[in-house]
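Coordinates in review
Here is how the chains run, residue by residue.
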Amino acid sequence: MKPLNYPSIEQFREFVELRDYAPATKTEYVRYLCVAARHFGSDPAGATEVQLREFFLHVRQTKRYSPVALNLLKCSLRLFYRDFIKVADGWRVFSDLRIQRDETIPVVL
């Protein structure tokens, strides 16, 4: 897989480093942004809300991401579009996406 050299991804990597997130969270946020960039085939900063909706449908229905992975993807892209490049003002895609967590009952020995 060839590395992505989009300026917005490198700037987002620096933006995430300034946050007080766990190291694994920082890595996953940038990784999921790269997944979106590969799907779009271009710099993710230029994506529209319609493209983002299509991407979420793709990873949910075709790729079958787990609820945990979907939630990480949603949080990563919400941080990118709302807080970093500030284009998601008025976008409903993040509030429309509902992720049902699997609630497993613990096994009692």
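Data block above holds the structure.
Residues numbered from 1 in each chain as written. Predicted model: local features only at pLDDT ≥ 70, side-chain atom pairs only at ≥ 80, totals over all residues. Heavy atoms only, no water.

A separate point is the packing of helix α1 (residues 7-17) against helix α2 (residues 23-40). Contact geometry of α1 with α2 gives a least axis separation of 9 Å together with a crossing angle of 160 degrees. One way to sum up the angle between α1 and α2 is to call them roughly antiparallel. For the element pair α1 and α2, the recorded crossing hand is right-handed. Contacts from Ile9, Phe12, Arg13, Val16 and Glu17 of α1 reach α2 at Lys26, Tyr29, Val30, Leu33, Cys34 and Ala37. Of the residues in the contact of α1 with α2, the class split is 8 nonpolar, no polar and 3 charged. (Axes fitted to C-alpha atoms, helices over the stretch in contact; angles between N-to-C directions. Helix = DSSP H or I, 4+ residues; strand = E, 2+ residues; numbered from the N terminus. Parallel < 35°, antiparallel > 145°, perpendicular 65-115°, else oblique. Left-handed = near helix turned anticlockwise from the far one by under 90°. Contact = heavy atoms within 4.5 Å. Nonpolar A, V, L, I, M, F, W, Y, C, P; charged D, E, K, R; others polar.)

This part covers the packing of aromatic side chains. What the rule picks out here adds up to 12 aromatic pairs. With a centroid separation of 6.2 Å and 40 degrees between ring planes, the pair formed by Phe55 and Phe56 is classed as tilted. By the burial criterion, Phe55 is buried, and Phe56 matches it. Cluster of aromatic residues (ring-pair linked, three or more members): Phe12, Phe15, Phe80, Tyr81, Phe84 and Trp91. The ring of Tyr32 carries Arg31 above its face, with NZ or CZ at 4.6 Å from the centroid. (Phe/Tyr/Trp six-rings, centres within 6.5 Å; stacked < 30°, edge-to-face > 60°. Buried < 20%, exposed > 50% of the residue type's maximum accessible area, 1.4 Å probe, protein only. Lys NZ or Arg CZ within 6 Å of the ring centre and 35° of its normal.)

As a packed pair, helix α3 (residues 49-62) and helix α4 (residues 67-84) sit with axes 11 Å apart at the nearest point and diverge in direction by 165 degrees. One finds that α3 runs roughly antiparallel with respect to α4. In terms of crossing hand, the pair formed by α3 and α4 is right-handed. Residues Leu52, Phe55, Phe56, Val59 and Arg60 of α3 form the contact with α4, whose participating residues are Leu70, Leu73, Lys74, Leu77 and Tyr81. Taken together, the residues that form the contact of α3 with α4 break down as 8 nonpolar, no polar and 2 charged.

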